[in-house]
There are 2 protein chains.
Amino acid sequence: MRPASRGRRPVYCSRACQARAYRSRKNPPVSVVVDEPTARQRLIVEAVWRIAAERGLDMATVREIAVEAGVSARVVQYHFKGKHDLLVIALRLLHRDNERRARDRIAALRDASNPRVLLRATLEELLPLDDQRRTSLRVMTAYYTRSLTDPALASVFLHDESPLEDMVTALISAAGTRRSIDAAREADLLVAGVTGLGLDLLHQRRTRADVRRTLDYHLDRILQTQP
Amino acid sequence: MRPASRGRRPVYCSRACQARAYRSRKNPPVSVVVDEPTARQRLIVEAVWRIAAERGLDMATVREIAVEAGVSARVVQYHFKGKHDLLVIALRLLHRDNERRARDRIAALRDASNPRVLLRATLEELLPLDDQRRTSLRVMTAYYTRSLTDPALASVFLHDESPLEDMVTALISAAGTRRSIDAAREADLLVAGVTGLGLDLLHQRRTRADVRRTLDYHLDRILQTQP
DNA sequence: ATGGAGTTGATACGTTCGTATCCCAATGGA
DNA sequence: TCCATTGGGATACGAACGTATCAACTCCAT
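In this report, we go over the structure that sits alongside the text. (Residues numbered from 1 in each chain as written. Chains lettered and ligands numbered in written order. Predicted model: local features only at pLDDT ≥ 70, side-chain atom pairs only at ≥ 80, totals over all residues. Heavy atoms only, no water.)

### What about the interface of chain A and chain B?
Here is step 1 of the chain: Counting from both sides, the interface comprises 42 residues of chain A and, opposite them, 41 residues of chain B.
Here is step 2 of the chain: Here chain A meets chain B over a buried area of about 3700 Å², counting both sides, of which 58% is carbon and sulfur.
Here is step 3 of the chain: Considering only the surface of chain A that becomes buried against chain B, A:R185, A:L189 and A:H203 emerge as the three largest contributors, covering 20% of it.
Here is step 4 of the chain: Residue B:R146 is joined to A:D58 by a salt bridge in which the shortest nitrogen-to-oxygen separation is 3.3 Å. (Contact = heavy atoms within 4.5 Å. Buried area = accessible area lost by both parts, 1.4 Å probe. Salt bridge = Lys/Arg side-chain N within 4 Å of Asp/Glu carboxyl O.)

See below:
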C-alpha cells in the first residue's frame, strides 16, 4: 500500500508503532457480519434504524450514528468495514428481524383462530400500526429508494427466498374461497395493495379506519363468509 | 444584512460595485416559480429529474445539476432561491406534467373505446411501462421517501386536489359493475395495488407480463364482461 | 455614449463527510 | 515477565457541498 494520500501523515513515534501500523494496514480490523452481530454491532445498527426512520437515511452519517448509539465515531469505524457495509448489514438485519417478528406474531395466532384472522394478521404486518412497524416501514422505504441506485442494497431486497405472496396465496386457498377465485392473483393485488396503503398511511394521506375498511371489504369479498 | 461571514470577503473595486452589491443584497434576484417556469428554469428542473431518476436524489447536487443541464453552477444559483426551493419546484412541476400527460393520453382514448380500456389506461399511468413513466416513477419514489422527513415536500404530495381514487371510482361506476361491488373500495385497492406493483416492476421483482396478468384478472372481476 | 438592470463567470468560504492514521489501555497466553 | 491482540480515543486529511461575493458581460432606453 502506498504512503497514503489521505488521513494524517505517518510520523511514527517508534519502530514498533510503524510495524504495528504496517500490520494493521495489511489486514484491517474487518468484522464482516454474516448472521449474528455482536452486542456492539447491534447497538450501532439500531442507531442506524432510528436515525433513518426519524430523520432519513441521508442523515445517518457516521458521526450522527455514533452519537445516537452513545459511542464514539471511532467505534463505528472499528466495528464495520465502512459506512456502506454498515448500511447493507443494517438492512439485512432489519429484514431478518421483521421476518422473525412476523413469524412469531402469526404463530401465536395460529391455534384456535379462523383463517381470516390469520390472513388479516399477515397482511397487517405490512401496515404501520404500531411504533415498531411504523419505524420499520419508514426505514424500509428509505432503503427501497436507495436500492434503486445501489445494487448491493437491491440484492438484499431481491434475494428474498420466501415471497410473501406465496404465503398469502396459501392462506387464501386454505381458507376456502367463495366463487371461482384465483388465489394467486388475489394475493398479488392484496400484498401490493396493502403495501401501497401502508405508504399512504405513513404519509397520513389515509386514515387508519379507511385502510381497515378497505381491507375488511376485500377479505369479505375473497373469503367465504361463515354463518 | 451583516458583512457576511461566508463567501469571499468584500474588497470592492469601486464605489459603484459596492453600491451594486448593497442593492443586490437588499433584494436578491429571487425568482419564485409559481406556475410557469422560464425556459432556463425548465432546463435545470429537467436536469434534476434526470439525475434523480438515474443516480438518486442525493446525487442531485448543485454542481451536478449544472453539468447535466449544460450550464454553470452559478446559473443554477441565480435562477432559484436555493437548492431546497429548486427541489420543491422540480417536484411540483413533475406532478403537474404527469397530470397533464395522463389527462391528454386518456382524453385521446375517451371517444370510441369502452370503459374498460379507459380504466386500464388510467391505472397504467402509474406503471413504468415506458421511459417517460419509468423515469417519472423513479423520481417520484425518491421524492416520496424524502418527503417523509421534509414537510415542504410532503405538502406537495398531500395537497393533491383531485385524488386519483375518485376518478377510478367514477370509472368503475360508469362502466357498470357485476354484482354488489363497492366501487370506492375497489378503487382504493386498485390504485394502491397498482402503485405497489409499479414499485415491484421498478425493482424487476416482477415481470411486466405478471403485472399485466394480475391487472387483467381484477379488471375482469370488477367489470361486467361484455360478449 | 452612458448607465442601469438582468445574467453569467470565477472564485472563495465555512462546514460536513468518510476515512486514515497515531496512540494508548486492557486483556490474556507463553 | 513479556508481548501480541483487541478495542477505542484523538486528530487530521482531502473531497464535496451549499452558498456568498466580486467582476464582467449583454441588452436597451435614454
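### Section: helix α3 (residues 62-69) of chain B
All names here are of chain B.
Here is step 1 of the chain: Those residues of α3 not exposed but buried are I65, A66 and A69. Projected onto a plane normal to the axis of α3, the buried residues spread over an arc of 100° and lie on a single side. Away from its buried face by more than 90 degrees, α3 exposes R63 and V67.
Here is step 2 of the chain: Residues of α3 that are buried make contact with α2 (39-55), α4 (73-79) and α5 (83-107).
Here is step 3 of the chain: Within two residues after α3, G70 carries a phi angle of roughly 75°, on the positive side. (Buried < 20%, exposed > 50% of the residue type's maximum accessible area, 1.4 Å probe, protein only. Helix = DSSP H or I, 4+ residues; strand = E, 2+ residues; numbered from the N terminus. Arc of directions from axis to C-beta.)

### Section: the nonpolar core
Here is step 1 of the chain: Counting residues in each nonpolar core, the largest one holds 74 residues, and the members touching the most others are A:I65, A:Y143, B:I65 and B:Y143.
Here is step 2 of the chain: Dropping the residues within four chain positions of it, A:I65 is found in contact with A:I44, A:A47, A:V48, A:I51, A:A60, A:V76 and A:L86.
Here is step 3 of the chain: Counting 48 residues, the second largest nonpolar core, distinct from the first, contains A:I172, A:V194, A:L223 and B:L219. (Core = buried A, V, L, I, M, F, W, Y, C linked by side-chain atoms within 4.5 Å.)

### A closer look at the relation of the copies chain A and chain B
Two chain copies here: they are related by a rotation about an axis and a translation along the same axis.
Here is step 1 of the chain: For the pair chain A and chain B, the best superposition has an RMSD of 0.0 Å and corresponds to a rotation of 180° with a translation of 0.0 Å parallel to the axis. The two molecules are tied by a two-fold rotation axis, judged by turn and shift. Identified as the residue of chain A closest to the rotation axis by C-alpha distance is A:G193, at 1.7 Å.
Here is step 2 of the chain: Looking at chain A, 98% of its interface residues are interface residues in chain B too, so the copies touch through the same face. (Least-squares fit on C-alpha atoms with pLDDT ≥ 70 in both.)

### Some points on the side chain of A:E124
Here is step 1 of the chain: Relative to the helices and strands, A:E124 resides in helix α6 (residues 115-124).
Here is step 2 of the chain: Once residues lying within four places of it in the same chain are set aside, the contact partners of A:E124 are A:L129, A:R133, A:R212 and A:L215.

### Some thoughts on the side chain of A:R146
Here is step 1 of the chain: For A:R146, the location among the structural elements is in helix α7 (residues 131-147).
Here is step 2 of the chain: Within the local environment of A:R146, its side chain forms a polar contact with the side chain of B:D58, the two groups lying 3.3 Å apart.
Here is step 3 of the chain: Setting aside residues up to four positions removed in sequence, A:R146 forms contacts with A:L57, A:D58, A:L87, A:L153 and B:D58. (Polar contact = N/O pair within 3.5 Å; in protein donor to acceptor, adjacent residues only side chain to side chain.)

### Things to note about the environment of B:V76
Residues and elements named next belong to chain B.
Here is step 1 of the chain: Within the fold, V76 resides in helix α4.
Here is step 2 of the chain: The class of V76 is buried, set by a relative accessible area of 4%.
Here is step 3 of the chain: A sequence separation of eleven residues divides V76 from I65, and the C-alpha atoms of the two residues are 7.8 Å apart.
Here is step 4 of the chain: Among all residues touching V76, those that are not within four sequence positions of it are I44, V62, I65, A66, V71 and L86.

### Brief notes about the pattern of salt bridges
All names here are of chain B.
Here is step 1 of the chain: What the rule picks out here adds up to 55 salt bridges over all chains.
Here is step 2 of the chain: The partner of D220 in a salt bridge is R116, with the nearest N and O atoms 2.4 Å apart. Here R116 lies in helix α6 (residues 115-124) and D220 lies in helix α11 (residues 208-222), a separation of 104 residues in the sequence.
Here is step 3 of the chain: Of the residues examined, D220 reaches a relative accessible area of 34% and is grouped as partly exposed.
Here is step 4 of the chain: Overall, R116 belongs to the partly exposed group, its relative accessible area being 22%.
Here is step 5 of the chain: The partner of D130 in a salt bridge is R133, with the nearest N and O atoms 3.3 Å apart.
Here is step 6 of the chain: According to the relative accessible area criterion, D130 is partly exposed, its value standing at 26%.
Here is step 7 of the chain: Judged by relative accessible area, R133 falls into the buried class, the value being 14%.

This is a description of form; function is not addressed.
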